[in-house]
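Tertiary structure, described
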Amino acid sequence: MSHRVINFYAGPAGLPLEPLKRAQDELLDFAGTGMSVMEISHRAKEYDAVHGEALSLVRELLGLPANFKVLLLQGGAHLSFAMIPLNLLQSGRKADYVLTGNWAEKAFKEAKLVGGDNVRAAASTKDVKFARLPKAGEYAWNSDAAYVHFTSNNTVEGTQFKEFPPTDKPLICDMSSDIMWRPFDVSKFGLIYAGAQKNLGPSGVTVVIIRDDILEMCEAQDLPSYLRFKIHAEKNSLYNTPPCFGVYILRNVLAYNKSIGGLSAIEANNRKKGELLYGCIDRHPGFFKPFVIENADRSFMNVDFFLPTEELTDMFVKEAKKNGMVGLKGYRDIGGIRVSTYNAVTVDNVATLTAFMEDFVKKNG
Ligand SMILES: *Cc1c(COP(=O)(O)O)cnc(C)c1O
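As a starting point, this report considers the structure included with it. (Residues numbered from 1 in each chain as written. Predicted model: local features only at pLDDT ≥ 70, side-chain atom pairs only at ≥ 80, totals over all residues. Heavy atoms only, no water.)

Brief notes about the site of the ligand
Near the ligand there are 13 residues, and of these His78, Thr155, Asp174, Gln197 and Lys198 occur at the shortest range. Contact between the ligand and His78: an oxygen atom at 2.5 Å from a side-chain N or O atom of the residue. Asp174 places a side-chain nitrogen or oxygen 2.6 Å from a nitrogen atom of the ligand. Against a free-state accessible area of 390 Å², the protein chains account for coverage of 88% of the ligand. Here the ligand occupies the second largest pocket. The element contributing the most residues to the shell around the ligand is helix α3 (residues 76-88), with four residues. Among the residues making up the shell around the ligand, the classes are represented as three nonpolar, eight polar and two charged. (Near = heavy atom within 4 Å. Polar contact = N/O pair within 3.5 Å; in protein donor to acceptor, adjacent residues only side chain to side chain. Areas by Shrake-Rupley, 256 points an atom, 1.4 Å probe, with all protein chains shown as cover. 1 Å grid on protein atoms, 1.4 Å probe; cavity = no way out; pocket = protein on both sides within 12 Å on 5 of 7 lines; lining within 4 Å. Sits in = over half its atoms within 2 Å of the grid points. Helix = DSSP H or I, 4+ residues; strand = E, 2+ residues; numbered from the N terminus. Nonpolar A, V, L, I, M, F, W, Y, C, P; charged D, E, K, R; others polar.)

Here you go:
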């Protein structure tokens with residue numbers, strides 16, 4: 001087999017080996033068709049089986065109640081930033097947005113283009129560069145909001161909501177970078193969306209989970225068809241040609257997730273990874289300085305920290321690469337190191353990194 005590196009990229013990110021190998025095995029002759037899944041009609045029964053399995057595995061892994069629909073769309077999280085207000089802010093409806101990072105701000109800006117002053121910030125931690133999440137008393141909710149939007153994991157800054165924002169309004173959440181990192185109660189959510197390329201599969205597929213009462217609020221008749229959640233729901237995400245290969249890989253990843261014990265098994269691994277990595281950072285407070293200022297807000301998916309100098313940071317990235325570990329350079333606006341530890345990153349992978357970090361401190365600390 002060809003050489004595989006340990007992949008800590010923030011996105012698109014690494015995928016587990018098994019779903020990729022399955023794709024390799026089935027690439028030239030998918031389901032006995034003599035063609036790849038990219039080469040057959042999206043109306044063919046062989047594709048339909050994959051499409052149906054991907055949808056039902058999302059339901060099964062998340063334990064979705066019957067009053068939720070699953071959609072497989074395109075356009076990434078960005079198109080959802082726009083589709084959500086376009087569909088939901090009809091007839092003067094209002095919305096509250098929780099601003100906790102780069103992506104949350106993008107979602108807010110897009111919503112404002114649609115809803116103007118009807119789209120309000122209920123909380124922001126921008127004054128501390130989003131290095132923590134809002135505390136319970138810091139939200140200024142508007143009682144007339146139709147929904148509250150937040151970002152469950154802040155991919156750039158490395159914070160993650162363990163408890164969701166305290167509101168009775170339907171929650172709408174960008175879960176692009178931590179969907180399926182653990183089991184959670186979906187009943188409070190009106191809508192969840194996630195570009196697949198962090199925790200679920202390749203870019204090009206967006207998973208959208210929408211509760212029936214929220215779907216009913218999407219009454220706009222004057223939106224172009226592709227932008228209407230209702231049309232995709234009615235057509236079982238086959239309104240137009242879906243991203244067939246992306247859906248196929250998504251199916252492979254979800255089937256693999258199920259085979260290893262589902263989301264509770266995945267959570268156990270993610271917690272071990274977090275203990276290893278944060279344990280190592282905290283053992284060397286004079287050398288590794290975390291970006292996030294509240295330990296309770298630390299993300300299990302993206303871990304940002306600084307080394308004492310730029311030179312040491314560059315050396316860290318270069319030497320890690322020599323040791324088979326890639327994707328560690330921090331996000332451009334923050335700098336330092338960012339380690340992304342999505343579901344596909346194993347406990348062993350993180351143990352390899354922390355051994356390297358210990359060694360690096362010994363030599364350079
Ligand atoms: C990566 C990311 C995005 C951007 O996703 P696209 O699919 O490129 O639109 C949005 N939100 C979060 C939380 C992300 O991690």
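Some thoughts on the sheet that holds strand β4 (residues 119-124)
Pairing is mixed in the open sheet, where seven strands are placed in the order β2-β10-β9-β8-β5-β3-β4. Two strands close off the open sheet at either side, each with one partner strand: β2 (68-73) and β4. Going across the sheet, the axis of each strand differs from the next one's by a mean of 20 degrees, ignoring polarity. With four bridges connecting them, strand β5 (residues 145-151) and strand β8 (residues 171-174) associate as parallel partners. Residue pairing in the sheet places Phe150 in a bridge with Cys173 of β8. Packed onto the sheet, helix α2 (residues 45-62) meets β2 and β10 (206-211) and runs at close to 130 degrees relative to β2. (Pairing = 2+ DSSP bridges. Axes fitted to C-alpha atoms, helices over the stretch in contact; angles between N-to-C directions. Contact = heavy atoms within 4.5 Å.)

Describing the sheet that holds strand β14 (residues 337-340)
An order of β11-β12-β14 is seen for the three strands of this open sheet, with the pairing classed as antiparallel. Each of the sheet's edge strands pairs with one partner strand only, and the pair in question is β11 (289-290) and β14. Bridge analysis of strand β12 (residues 302-306) against β14 gives four bridges, and the strand direction is antiparallel. Across the sheet, the residue bridging to Phe305 is Ile337, located in β14.

Observations concerning the environment of Arg22
Inspection of the secondary structure assignment puts Arg22 in helix α1 (residues 17-26). Overall, the relative accessible area of 30% leaves Arg22 in the partly exposed class. Residues Arg22 and Ile249, spaced 227 residues apart in sequence, show a C-alpha to C-alpha distance of 9.0 Å. Ignoring sequence-local partners within four residues, the contact set of Arg22 consists of Tyr248, Arg251, Asn252 and Ala255. (Buried < 20%, exposed > 50% of the residue type's maximum accessible area, 1.4 Å probe, protein only.)

Remarks on the packing of helix α9 (residues 310-322) against helix α10 (residues 347-364)
It is the contact of α9 with α10, at a shortest axis distance of 11 Å, that shows an interaxial angle of 135 degrees. On the basis of their axis angle, the class for α9 and α10 is oblique. Regarding α9 and α10, the two cross each other, and that crossing is right-handed. Residues Leu312, Met315, Phe316, Glu319 and Ala320 of α9 lie in contact with α10, whose contacting residues are Leu353, Phe356, Met357, Phe360 and Asn364. A breakdown of the residues in the contact of α9 with α10 according to their chemical character gives eight nonpolar, one polar and one charged. (Parallel < 35°, antiparallel > 145°, perpendicular 65-115°, else oblique. Left-handed = near helix turned anticlockwise from the far one by under 90°.)

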